[in-house]
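Chain residues, written in single-letter form:
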Amino acid sequence: MSTEKIKNSLKNGPDELGYYGEGEKARGGFASGETLMPILKNLQDAFEDAIKDKSFIDKFHYYCKHWINRPSPLYFAENLTKKIGGAKIYFKSEHLNHTGSHKVTNCLFQTLLALRMNKKRVLVESGAGAHFSAAAATCSKFSLPILGVMGNTDIRKVNSNIIKAKHYGAKLEAVDGSLKEAITHVLKMWTNDPDSYYLCGSAVATAPFPRIVQYAQSIIGKEIREQCLKHENKLPNEIHACLGGGSNSIGAFHEFLDDKEVKLVGVEGKTSAALSKGTIGIMQGMKTYMIQSKDGSVAEQTKDLPSGINYFSVGPQHSYLKDIGRAEYTFATDDEILDTYKLVARTEGICSALEPMAAVCETIKRAKGKPKDYIIVTSLCGRGEKDLDVIEKLRGSDFE
Ligand SMILES: Cc1ncc(COP(=O)(O)O)c(C=O)c1O
């Protein structure tokens, strides 16, 4: 993983103040209180130092391969492709990673960073519980105590991830609300306990987290490039991914930011579609698009079914990519997501998590009628066990 900056590359950045873009259009930043500022700067220095250390990066890659099972396969969804009639659809199979989603790669990277920084405890927030169970697994593997914070709304929906995290030895604290409230709570806890390490689960919040998470997850796009060239002898025409905060999507997109011919498409949930319907504000440590009241004083409640994309805001790099027109963003409804879940289960034999079904929904719309050599790669970023109870309750009779 090279750390060199290429002249005029969109892969550069953020700047040293944590901003993507300049002036009025700058997104991101170090937006946090006085207490956290030195801790964030210390984290930024530790990160920059770590990624220049070959033995640290070698260790990360060793466990990516032997513990996570990377590279995740780039799988040709031939039945779905045939059924839709048009572009060739490939799934980047992040659901086959150990712990069942893309989240584990970021958790591994940051757990190794926490150890390097001699931190004694890890704090995490989680929406769908995928980040919580992945972080609990890496903390168990590397012997660090971990406390997770989740909103009650999500705890009711995604029990299996919470059970897994408990089995790995993690403790859970519940707060009223969902992912937004969980992040706010962890940021407060961290301010009071700066000796712990906040293992941020998406490419969100104050600098340096968006950059750290993007760095770790960019392995997804690097693998896509290599695998697509091997299978198809060319780059994909489009890459699609769902967005909560935006980590699997920036992970899939980053490698291709300078390949302007590759279209990048992010898909949010309908009520949390910050990039389609939001306005610029500053909350949770970042300047970015968010679903907020007209006067910008409070965040609006969102209520999308997939907990992992039910987030009122979005990572600052995505806001920047939207503003400069390098990536497109849209959204899917709960009904469309559930319909797509069934289609994928019945054509490809994959019970996916609900979150990536938002992306596949858009893939299906765009694949129709395209030439047969047009290639769309979609990030299938999680498996469905956590969602089975909810799907059965809402749509069980559809499957009889
Ligand atoms: C399976 C799955 N996919 C996607 C997401 C969205 O997160 P991000 O936008 O950071 O990739 C989550 C978040 O919890 C998730 O659990």
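Everything below is about the structure printed above this text.
Only a predicted model underlies this, so the values are computations on that prediction, with no experimental measurement involved. (Residues numbered from 1 in each chain as written. Predicted model: local features only at pLDDT ≥ 70, side-chain atom pairs only at ≥ 80, totals over all residues. Heavy atoms only, no water.)

Draft legend 1. Inspection of the side chain of Ser126 at higher detail. Within the secondary structure, Ser126 sits in strand 5 (residues 122-126). For Ser126, the side chain forms a polar contact with the main-chain nitrogen of Gly129, separated by 3.0 Å. From its side chain, Ser126 meets the backbone nitrogen of Phe132 in a polar contact 3.3 Å long. Dropping the residues within four chain positions of it, Ser126 is found in contact with His131, Phe132, Val149, Met150, Asp154, Leu179 and Ala182. (Helix = DSSP H or I, 4+ residues; strand = E, 2+ residues; numbered from the N terminus. Polar contact = N/O pair within 3.5 Å; in protein donor to acceptor, adjacent residues only side chain to side chain. Contact = heavy atoms within 4.5 Å.)

Draft legend 2. Structural view of the nonpolar core. Among the nonpolar cores identified, the biggest contains 101 residues, and Phe109, Leu113, Trp190 and Phe253 are the most heavily contacted of them. Split by domain, the residues of this core number at least three in each of domain 1 (23-64 + 102-214) and domain 2 (70-100 + 218-399). Ignoring anything within four residues of it in the chain, the contact list for Phe253 reads Ile239, Ala241, Leu264, Val265, Gly266, His318, Ala327 and Tyr329. Val267, Cys361, Ala367 and Val390 belong to the second-largest nonpolar core, a separate cluster that totals 31 residues. (Core = buried A, V, L, I, M, F, W, Y, C linked by side-chain atoms within 4.5 Å. Buried < 20%, exposed > 50% of the residue type's maximum accessible area, 1.4 Å probe, protein only. Domains from an automatic or database assignment.)

Draft legend 3. Spotlight on the site of the ligand. The environment of the ligand is made up of 17 residues, and the closest members are His102, Ser202, Gly244, Gly246 and Ser247. With respect to the ligand, the side chain of His102 contributes an N or O atom lying 2.8 Å from an oxygen atom. Interatomic distance of 3.1 Å between a side-chain N/O atom of Lys103 and an oxygen atom of the ligand. The pocket occupied by the ligand, as judged from atoms lying within 2 Å of grid points, is the second largest pocket. Class assignment for the residues of the shell around the ligand results in six nonpolar, nine polar and two charged. Taken together, domain 1 (23-64 + 102-214) and domain 2 (70-100 + 218-399) each give at least three residues to the shell around the ligand, which thus spans both. (Near = heavy atom within 4 Å. 1 Å grid on protein atoms, 1.4 Å probe; cavity = no way out; pocket = protein on both sides within 12 Å on 5 of 7 lines; lining within 4 Å. Sits in = over half its atoms within 2 Å of the grid points. Nonpolar A, V, L, I, M, F, W, Y, C, P; charged D, E, K, R; others polar.)

Draft legend 4. Highlighting the sheet that holds strand 8 (residues 197-198). What the four strands build is an open sheet, ordered 7-6-5-8; its pairing is parallel. Of all strands in the sheet, those with a lone pairing partner are strand 7 (171-175) and strand 8, marking the two edges. Bridge count between strand 5 and strand 8: two bridges; the pairing is parallel. In the sheet register, Val122 faces strand 8, and the bridge partner there is Tyr197. (Pairing = 2+ DSSP bridges.)

Draft legend 5. Spatial organisation of the pattern of salt bridges. Using the criterion set out here, one finds 23 salt bridges in the structure. Among the ionic pairs, Arg121 bridges to Asp193, the shortest N-O distance being 2.9 Å. Of this pair, Arg121 sits in the loop between helix 4 (103-116) and strand 5 while Asp193 sits in the loop between helix 8 (179-192) and strand 8; the two residues are 72 residues apart in sequence, bridging distant segments of the chain. Looking at Asp193, the relative accessible area reads 24%, which means it is partly exposed. Of the charged contacts in the structure, one is a salt bridge between Lys386 and Glu355, with a shortest N-O distance of 2.8 Å. Remark: Glu355 occurs in helix 15 (residues 354-367) and Lys386 occurs in the loop between strand 14 (375-379) and helix 16 (388-395); sequence separation between them is 31 residues. Residue classification places Lys386 among the buried positions, given a relative accessible area of 8%. Here the salt bridges share partners, and the residues they tie into one network are Lys11, Lys222, Arg225, Glu255 and Asp259. (Salt bridge = Lys/Arg side-chain N within 4 Å of Asp/Glu carboxyl O.)

Draft legend 6. Expanded view of the environment of Lys41. On the secondary structure map, Lys41 appears in helix 1 (residues 37-50). Sequence-distant contacts of Lys41, that is, excluding residues within four places in its chain, are made with Glu16 and Phe30.

Draft legend 7. Representation of the packing of helix 14 (residues 334-348) against helix 16 within the structure. At a closest axis distance of 12 Å, the pairing of helix 14 and helix 16 adopts a crossing angle of 105°. With respect to helix 16, the axis of helix 14 lies roughly perpendicular. Across from Asp335, Leu338, Asp339 and Tyr341 in helix 14, the residues of helix 16 making contact are Leu388, Ile391, Leu394 and Arg395. (Axes fitted to C-alpha atoms, helices over the stretch in contact; angles between N-to-C directions. Parallel < 35°, antiparallel > 145°, perpendicular 65-115°, else oblique.)

Draft legend 8. Summary view of helix 14. The first and last C-alpha atoms of helix 14 sit 21 Å apart over 15 residues, in line with the 21 Å expected at 1.5 Å per residue. Within the sequence span of helix 14, burial applies to Ile337, Leu338, Thr340, Tyr341, Val344, Ala345, Thr347 and Glu348. Among the residues trailing helix 14, Gly349 stands out with phi positive, at a value near 65°. (Expected span 1.5 Å × (residues − 1).)

Draft legend 9. Highlighting the packing of aromatic side chains. Per the counting criterion, the structure on display carries 14 aromatic pairs. Relative to Tyr63, the ring of Tyr62 lies with its centre 5.1 Å away and its plane at 90°, an arrangement referred to as edge-to-face. Of the residues examined, Tyr62 reaches a relative accessible area of 46% and is grouped as partly exposed. Ring plane angle 90° and centroid distance 5.2 Å describe the contact between Tyr63 and Phe142, whose orientation is recorded as edge-to-face. You can see Tyr63 sitting in helix 2 (residues 54-68) and its partner Phe142 sitting in the loop between helix 5 (130-141) and strand 6 (146-151), a full 79 residues away along the chain. Of the two residues examined, Tyr63 and Phe142, each falls in the buried class. An aromatic cluster of at least three residues, connected via ring pairs, comprises Phe47, Phe56, Phe60, Phe109 and Tyr215. In this arrangement the basic side chain of Lys370 is found over the ring face of Tyr374, its NZ or CZ atom lying 5.3 Å from the centre. (Phe/Tyr/Trp six-rings, centres within 6.5 Å; stacked < 30°, edge-to-face > 60°. Lys NZ or Arg CZ within 6 Å of the ring centre and 35° of its normal.)

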